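In case you want the letters, here they are:
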Amino acid sequence: MNRSATKFRNALCTSSATLALFAAAGAAAQCDPADSYGAANTNTSGDLPLGVGTGDFNNDGNLDVVTGDFFGNSVSVLLGNGDGSLQAGTVIPLTETSSGFSAAAVQAEGADLNGDGWDDIVAGVQSGDLGDPGIAVLLNDGAGAFTAEPEFYAFSTQIRGLEIIDMNGDGNLDVVYANRDDDTMNIVPGNGDGTFNTEAFFDVSGGPVGVAIADFDGDGNLDVATPCVFSGEIAILAGDGAGDLNEIGRYPVNGPEGIAVGDINGDGNHDLVIPYLNGDAVEFILGNGDGTFGATQSISTGASSLPIAIALGDVNGDGFDDIHAGLFIANAVKVLLSNGDGTFDAGTDFAVGDRPRDFTFGDFDGDGNNDLAAANGASAGTATVLVNGCGGGTTCLADVNGDGAVTPTDFTAWVGAFNSNAPECDQNGDGMCTPTDFTAWVGNYNAGC
């Protein structure tokens, strides 16, 4: 080893100030991009699932999946086994037995609508008959099964996106959905007993096709963002906390087909991302925290990738939400890790099922980390769970001693790796063990990995 490297090693071994600096800093473990998710856990659902949600439908403590099946005119419940795997789906028809009326599902979500401690199901539906209902409600019978037939509420010609949340502050869960062809955002107020009241319509021109809900303007009330596919804009609707919405701004985007909300750059403000299907890209706008947003930015997802599903969530534990884009042709989710400054890495693809159409997050293996669930919208429908691989024991560059945590003891371990020219010394990925790897280790440590 050359003289400069020897002097560098000796300096490291005698620098108590350096060790104290790291002990004060602290860092959270962050894994390598390739470890973000493991192999796909896939099982069957009804025909052409377009939407996916979660709930614990049999109250066993394990998170389950529900899909909205368009061709099946049904929802499917896939029970979770607690380890990230799913059981085959139980298909529940969205049919009135008395009349034979049936509706196609485009979305499904789970929530306890009547306060009995059991999760119920709300499906976003559409049909050409009987006034085009917007939602179908299936109440849990308290034993993990559901009412014999759904109750239909509301009105829609082309429902796109659905959220269950208390929008009017009365403590009851309401349903919010976008109605593309009628140019409205709709709020269906819940009564707290599993039934719903008359919906309110709010004009949103341009064909709204999704729903993202957060307090965008910082006034303590929930607001709504929706992508408008015909006008090529994201519309921001401010909520008053009592169930009313008022449009306060629009931002140009290209061909939006969905929307997700999160914090990309860690500034505490809500950001928005949409898939640009025909442009093989995703676009995002950074929130300013006052209801306004910055300029539209775009990231390629690869030629002929056709991204359609979209989600934002922190997969690698660095505190920044990462983009999850469903690649319709590649049958994969592309995970674009946030760099924390409004930029992203090149992305890593993880296989899901055929034709991913919708994503949601949940802890399916009980390790405290959010995993990803996908509805795979091929006619032979399936749902997939990808287990987050960024928990303990995953590959993390700054975790030199391999104990699953990033702590000051890894500094001593790195010095040992440097002295022995061990592979763990290489922190900058150049295939060599040199003094420059110390600087790289410091950067990895301070970033969490």
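### Remarks on the packing of aromatic side chains
Applying the stated rule across the entire model yields twelve aromatic pairs. On the numbers, 6.0 Å between centres and 55 degrees between planes, the contact of phenylalanine 411 with tryptophan 441 is tilted. Residue phenylalanine 411 is found in helix 3 (residues 409-420), and its partner tryptophan 441 is found in helix 4 (residues 436-447); the two are separated by 30 residues along the sequence. Note on accessibility: phenylalanine 411 and tryptophan 441 belong to one class, buried. Aromatic rings pair up to connect Phe411, Trp414, Phe418, Phe438 and Trp441 into one cluster. The ring of phenylalanine 328 carries the charged tip of arginine 355 above its face, separated from the ring centre by 5.3 Å.

### So, the environment of asparagine 316
On the secondary structure map, asparagine 316 appears in the loop between strand 22 (307-313) and strand 23 (322-327). With relative accessibility at 2%, the residue asparagine 316 sits in the buried group.

### A short note on the confidence of the model for the chain
Per-residue pLDDT for the chain averages 88, and the proportion of residues at 70 or more is 89%. Predicted confidence in the chain is weakest over helix 2 (residues 16-25), with a mean pLDDT of 39, and strongest over strand 15 (residues 223-228), with 98. Taken as a whole, residues 1-29 scores under 50 in pLDDT and shows 42 contacts with residues more than four places along the chain or in a different chain.

### Considering the pattern of salt bridges
A side chain of one charge can pair with a side chain of the opposite charge when the charged atoms of the two come close. If you walk through the whole model with that rule in mind, you get four salt bridges. The shortest N-O distance in the salt bridge between arginine 180 and aspartate 181 comes to 2.8 Å. As a salt-bridge pair, glutamate 247 and arginine 250 come within 2.6 Å of each other at their nearest N and O atoms. Bridged by salt links that share partners, the residues Glu233, Glu247 and Arg250 form one connected network.

### Things to note about unusual backbone geometry
The backbone of aspartate 183 shows a phi angle near 55 degrees, a positive value even though the residue is not glycine. Looking at the secondary structure, you find aspartate 183 in the loop between strand 11 (174-179) and strand 12 (184-188). The phi dihedral of arginine 355 is positive, around 65 degrees, even though this residue is not glycine. Structurally, the position occupied by arginine 355 is in the loop between strand 25 (348-351) and strand 26 (356-362). Taking relative accessible area as the criterion, arginine 355 reaches 29% and is therefore assigned partly exposed.

### Examining the environment of alanine 178
Mapped onto the elements, alanine 178 comes out in strand 11. Given the relative accessible area of 0%, alanine 178 is considered buried. Residues alanine 178 and valine 209, 31 residues apart in the sequence, show an inter-C-alpha distance of 5.9 Å. Ignoring anything within four residues of it in the chain, the contact list for alanine 178 reads Gln158, Ile159, Arg160, Gly161, Thr184, Met185, Pro208, Val209, Gly210, Val211 and Thr226.

### So, the state of the cysteines
This structure, assessed with the given rule, holds one disulfide. The disulfide that involves cysteine 425 links it to cysteine 433, with 2.1 Å between the sulfurs. Between cysteine 425 and cysteine 433, the S-S torsion sits near 85 degrees, and that sign places the bridge as right-handed. You'll find cysteine 425 and cysteine 433 in the same group, each marked buried.

### Focus: the sheet that holds strand 8 (residues 135-138)
Paired through backbone hydrogen bonds, the strands of a sheet run either parallel or antiparallel to each other. Read across the open sheet, the four strands follow the order 6-7-8-9; overall the sheet is antiparallel. Each edge of the open sheet carries a strand with a single partner, namely strand 6 (104-111) and strand 9 (151-153). Taken over all neighbouring pairs, the strand axes of this sheet differ in orientation by 25 degrees on average, direction set aside. Bridge analysis of strand 6 against strand 7 (residues 120-126) gives seven bridges, and the strand direction is antiparallel. The residue bridging glycine 110 from the neighbouring strand is isoleucine 121, located in strand 7.

Conventions used here
- Residues numbered from 1 in each chain as written.
- Predicted model: local features only at pLDDT ≥ 70, side-chain atom pairs only at ≥ 80, totals over all residues.
- Heavy atoms only, no water.
- Phe/Tyr/Trp six-rings, centres within 6.5 Å; stacked < 30°, edge-to-face > 60°.
- Helix = DSSP H or I, 4+ residues; strand = E, 2+ residues; numbered from the N terminus.
- Buried < 20%, exposed > 50% of the residue type's maximum accessible area, 1.4 Å probe, protein only.
- Lys NZ or Arg CZ within 6 Å of the ring centre and 35° of its normal.
- pLDDT = per-residue confidence, 0-100.
- Contact = heavy atoms within 4.5 Å.
- Salt bridge = Lys/Arg side-chain N within 4 Å of Asp/Glu carboxyl O.
- Disulfide = S-S within 2.5 Å.
- Pairing = 2+ DSSP bridges.
- Axes fitted to C-alpha atoms, helices over the stretch in contact; angles between N-to-C directions.

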